[in-house]
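Understanding the architecture of this molecule
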Amino acid sequence: EGKGFDPTVGGIRREKGGADAGSDVAVRSSLLAAVLCCNTTISKVRDPETGDEKWEPKGNSSEAPIVVAARKVGFDEKIAQQYKRVL
């Protein structure tokens, strides 16, 4: 659940009952594996027209929801620096 690309709104919830699933090992390991495969980042930017801050993805728009979900459980894109990427 959430709003747009803002990783600070909402969370990862179980379908049945709505309990927080952000600390579930299966959820966390799946999101870690997924975010390690992403090249996309999200950052806060100021809208030049309104002056409001908003979250904006840079990179593949298909990867942005993965990055947002990973941030919601505590992983940011910098975590990839801890793991060697094998091509």
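So, here's what we can say about the structure. Predicted model only: the values in this text are computed from it and were never measured.

How each quantity is defined
- Counting from 1, residues in each chain are numbered in the order their sequence is written.
- pLDDT decides what is reported in this predicted model: residues at 70 or higher carry local features, side-chain atom pairs at 80 or more are listed and counted, and totals for whole chains, interfaces and linings draw on all residues regardless.
- Calculation of side-chain values draws on the structure's entire complement of heavy atoms; hydrogens and water are dropped beforehand.
- At least two bridges found by DSSP between two strands are what make those strands a pair.
- Helix and strand assignments come from DSSP, with helices taken as H or I runs of at least 4 residues and strands as E runs of at least 2, each series counted from the N terminus.
- A 1.4 Å probe that fits but cannot get out identifies a cavity on a 1 Å grid over protein atoms alone, an open set with protein on both sides within 12 Å along at least five of seven lines counts as a pocket, and a residue lines either if it has an atom within 4 Å of a point.
- Grid points are joined across faces, edges and corners, and a volume is the space filled by probe spheres set on the points.
- Each residue is assigned to one of three classes by its accessible area relative to the maximum for its type, calculated with a 1.4 Å probe on protein chains only: buried under 20%, partly exposed between the two thresholds, exposed over 50%.
- The criterion used for residue contact is that any of the two residues' heavy atoms lie within 4.5 Å.
- One speaks of a salt bridge when a side-chain nitrogen belonging to Lys or Arg is within 4 Å of a carboxyl oxygen belonging to Asp or Glu.

Quick look at the pairing of strand β1 (residues 41-46)
Where β1 and strand β2 (residues 53-58) come together, 6 bridges link them in antiparallel fashion. Opposite serine 43, over in β2, you have glutamate 56 as the bridge partner. The antiparallel hairpin formed by β1 and β2 contains 6 residues in its connecting segment, where glycine 51 sits at a positive phi of about 80°.

Focus: the layout of surface pockets
Take a probe with the size of a water molecule and roll it over the atoms, and the empty space left behind shows itself. What the largest pocket holds in volume is close to 170 Å³. Every residue lining the largest pocket is listed: Lys3, Gly4, Phe5, Asp6, Val9, Lys44, Glu53, Lys54 and Trp55. Looking at the lining of the largest pocket element by element, the count peaks at 3 residues for β2.

Quick look at helix α2 (residues 64-72)
Within α2, burial applies to Ala64, Val67, Val68, Ala69, Ala70 and Lys72. Summarising the contacts, the buried residues of α2 are in contact with α1 (25-36), β1 and β2. Note on α2: the residue one or two positions beyond its end, glycine 74, has a positive phi of about 105°.

Points about the pattern of salt bridges
In this structure the tally under the stated criterion is 5 salt bridges. The partner of aspartate 24 in a salt bridge is arginine 14, and the shortest N-O contact between them spans 2.8 Å. A residue pair is termed long-range when its members are at least 10 positions apart, and aspartate 24 in the segment before α1 and arginine 14 in the segment before α1 qualify at 10 residues. With a shortest N-O distance of 3.7 Å, lysine 44 and glutamate 53 are connected by a salt bridge. Here the salt bridges share partners, and the residues they tie into one network are Lys44, Arg46 and Glu53.

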